[in-house]
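# Fold and geometry: a report
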Amino acid sequence: MGVKTNFLEEVGVVKTARREAESLLLLRAILKKQSLPRTDHERFLELSRLNKVVLRATSILDISPKIVNESNASAEEAMRLYELVSKTLEEEGISFAVIKSFDSLPDIGHDLDFLIPSSTDFHRARDILVNKFRVKVEGLSFCDMVVGKFSCFLPGFKHDFELYPTVSQLGEQHLDTREVMTNRKTSYVSGRRVWLTSDVDRVIIRVVHAMFRHNFLKLSDVLDFITLTRDCSSPEIMDAVDRAGIGDAFIFFLSTLDRFLKASQYDCPKLDVLRTDAKHRFGRDRLGPLRRDRLVLPYRIPTLALLVLFLLKGGREASRGRLKSALLCLFAPPLLLMDFGANALSGHRLW
């Protein structure tokens, strides 16, 4: 029974009081730059890894130089991977933008994600990866196959390299990817010039990915949202949320962040403004009763909440005449649960 409970706790299905206390203690410590008890060092280090905040937790956890060096080396590898592939794609005239991968600096996750909406450019990029770089092609979940994602490893690199034709679970529409590419911009990350989406698109992509693709929030989502929204006005964020048709999901996302920040005794005036404006723009919070679970990080969104969010999204799509997108929203929840179960049972990375 204990093994079964630990497994369900690890994948976020069972949320215990102990995991909630540890999650909030780590979040509060990072936000307020407070040290953590050395007696639980290993547990908090593992929790930091799961939540993609190892380098941001360095000072509060007194992490060993070896682990810091490994994390820095991993981030440097991701940058070298970006330089290698982006240079070739640019030389071939292929337009792309990095999504999510550089939102959590100095922490960088296990993969590097390129958005390439053009079908012609996407297939050219895939052919370059297969034929020029001789990549090892990775298997995909059913949902990822339907959406058209491509995942691989380049020789000599530990990071996954992934191509996305869009940002969704099954192909339902959230963003106009043509506009996303029109509004992309160059920025400098660790001294390298990189193609990123606009500041507002980074916010929307982060919400869509958390709510409709991964279906969980990490501690990094809490920290990064505060940073990503800093240079965006509330009206432009509300307009982007409205265009994406994700008002209910956005309110759920904001309210969940608010729960974590309040429990950590941390004030975020920008979040308060966004919550107020979202209520005025999109109406009342319809999913409040479904957010009474424990605040465990990574935070798995309750299954019933996901079902309702996809149904509400599908209704919005139908009212806008986007019937294919509406139908995909109806099919997404059962397929999403099927993918989750398959990944959990096979031991694939869930976080």
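Here the structure is a predicted model, which is why all the values come from computation and not from measurement.

### Some details on the pairing of strand S4 (residues 150–153)
Pairing of strand S3 (residues 136–137) with S4 involves two bridges; the strand directions are antiparallel. Directly across from Val 137, in S4, lies its bridge partner Cys 152. Note: S4 against strand S5 (residues 160–164), four bridges, orientation antiparallel. Residue pairing in the sheet places Cys 152 in a bridge with Phe 161 of S5.

### Some remarks on the packing of aromatic side chains
Throughout the structure, instances matching the rule amount to eight aromatic pairs. Arranged with centres 5.6 Å apart and planes meeting at 55 degrees, the rings of Tyr 82 and Phe 114 form a pair that is tilted. Linking Tyr 82 in helix H5 (residues 65–91) with Phe 114 in strand S2 (residues 111–115), this pair joins segments that are 32 residues apart in sequence. Grouping residues by exposure puts Tyr 82 and Phe 114 together as buried. Here the aromatic rings of Phe 96 and Phe 114 are separated by 4.7 Å at their centres, their planes lie at 10 degrees, and the arrangement is stacked. You can see Phe 96 sitting in the loop between H5 and strand S1 (97–98) and its partner Phe 114 sitting in strand S2, a full 18 residues away along the chain. Taken together, the ring pairs in this structure connect Tyr 82, Phe 96, Phe 102, Phe 114 and Phe 161 into an aromatic cluster.

### Looking at a nonpolar patch on the surface
Taken together, the side chains of Leu 304, Leu 307, Leu 311, Leu 327, Leu 330 and Phe 331 make up a nonpolar region of the molecular surface, amounting to roughly 570 Å² of accessible area. Counting only elements with at least two residues in the nonpolar patch, the list comes to helix H14 (303–319) and helix H15 (323–346). Examined against the element boundaries, Leu 311 turns out to sit in helix H14. A relative accessible area of 44% means that Leu 311 is categorised as partly exposed.

### Side note on the pattern of salt bridges
Enumeration over the complete set of coordinates arrives at 35 salt bridges. As a salt-bridge pair, Arg 43 and Glu 22 come within 2.2 Å of each other at their nearest N and O atoms. Here the residue Arg 43 occupies a position in helix H3 (residues 41–50), and Glu 22 occupies one in helix H2 (residues 17–32), the gap between them amounting to 21 residues. By relative accessible area, which is 12% here, Glu 22 ends up buried. Linking Asp 293 and Arg 259 is a salt bridge whose minimum nitrogen-to-oxygen distance equals 3.1 Å. One end of the pair, Asp 293, is in the loop between helix H13 (269–282) and strand S9 (299–300); the other, Arg 259, is in helix H12 (residues 247–263), and 34 residues separate them in sequence. The partly exposed category is assigned to Asp 293, whose relative accessible area is 22%. Beyond isolated ion pairs, a larger network of salt bridges with shared partners links Arg 56, Asp 103, Asp 107, Arg 202, Arg 206, Asp 221 and Asp 224.

### Some details on unusual backbone geometry
Cis peptide bonds are those with omega within 30 degrees of zero, and the linkage from Leu 105 to Pro 106 qualifies with 10 degrees. Along the polypeptide, Pro 106 turns up in the loop between S1 and S2. Although it is not a glycine, Arg 134 sits at a positive phi angle of roughly 55 degrees. For Arg 134, the location among the structural elements is in the loop between helix H6 (119–131) and S3. Among the residues examined, Arg 134 registers a relative accessible area of 61% and is labelled exposed. Backbone geometry at Ser 190 places phi at a positive 50 degrees, although glycine is not the residue there. With respect to the helices, strands and loops of the structure, Ser 190 is situated in the loop between strand S6 (185–189) and strand S7 (192–196). With a relative accessible area of 54%, Ser 190 lands in the exposed category.

### Describing the nonpolar core
Side chains of a nonpolar character, in soluble globular proteins, are inclined to be buried together. Counting residues in each nonpolar core, the largest one holds 80 residues, and the members touching the most others are Ile 204, Met 211, Phe 225, Ile 246 and Phe 250. Residues contacting Phe 250, with those up to four places away along its chain left out, are Val 207, Phe 225, Ile 237, Met 238, Val 241 and Ala 278. Counting 31 residues, the second-largest nonpolar core is a separate cluster that includes Leu 89, Phe 102, Phe 114 and Cys 152.

### A word on helix H11 (residues 234–244)
Buried within H11 we find Ser 234, Ile 237, Met 238, Ala 240, Val 241 and Ala 244. Along the axis of H11, the buried residues cluster in a sector spanning 165 degrees; they form a single face. Structural note: H11 exposes Pro 235 and Arg 243 on the side pointing more than 90 degrees away from its buried face. At its buried positions, H11 is contacted by helix H9 (199–214), H12, H13 and H14.

### A word on the environment of Ser 141
Within the secondary structure, Ser 141 sits in the loop between S3 and helix H7 (142–147). Put simply, Ser 141 and Ser 198 are 57 residues apart on the chain and 29 Å apart in space, counted from C-alpha to C-alpha.

### Description of the environment of Leu 84
Here Leu 84 shows up in helix H5. Judged by relative accessible area, which is 35%, Leu 84 ranks as partly exposed. Taking the C-alpha atoms as reference, Leu 84 lies 28 Å from Val 146; in sequence the two are 62 residues apart. Those residues in contact with Leu 84 that lie beyond four places of it in its chain are Phe 133, Leu 154 and Phe 157.

Cut-off values and rules
- Residues numbered from 1 in each chain as written.
- Predicted model: local features only at pLDDT ≥ 70, side-chain atom pairs only at ≥ 80, totals over all residues.
- Heavy atoms only, no water.
- Pairing = 2+ DSSP bridges.
- Helix = DSSP H or I, 4+ residues; strand = E, 2+ residues; numbered from the N terminus.
- Phe/Tyr/Trp six-rings, centres within 6.5 Å; stacked < 30°, edge-to-face > 60°.
- Buried < 20%, exposed > 50% of the residue type's maximum accessible area, 1.4 Å probe, protein only.
- Patch = residues over 30% accessible without salt bridge, like charges linked within 9 Å, V, L, I, M, F, W, Y side chains within 5 Å.
- Areas by Shrake-Rupley, 256 points an atom, 1.4 Å probe, with all protein chains shown as cover.
- Salt bridge = Lys/Arg side-chain N within 4 Å of Asp/Glu carboxyl O.
- Core = buried A, V, L, I, M, F, W, Y, C linked by side-chain atoms within 4.5 Å.
- Contact = heavy atoms within 4.5 Å.
- Arc of directions from axis to C-beta.

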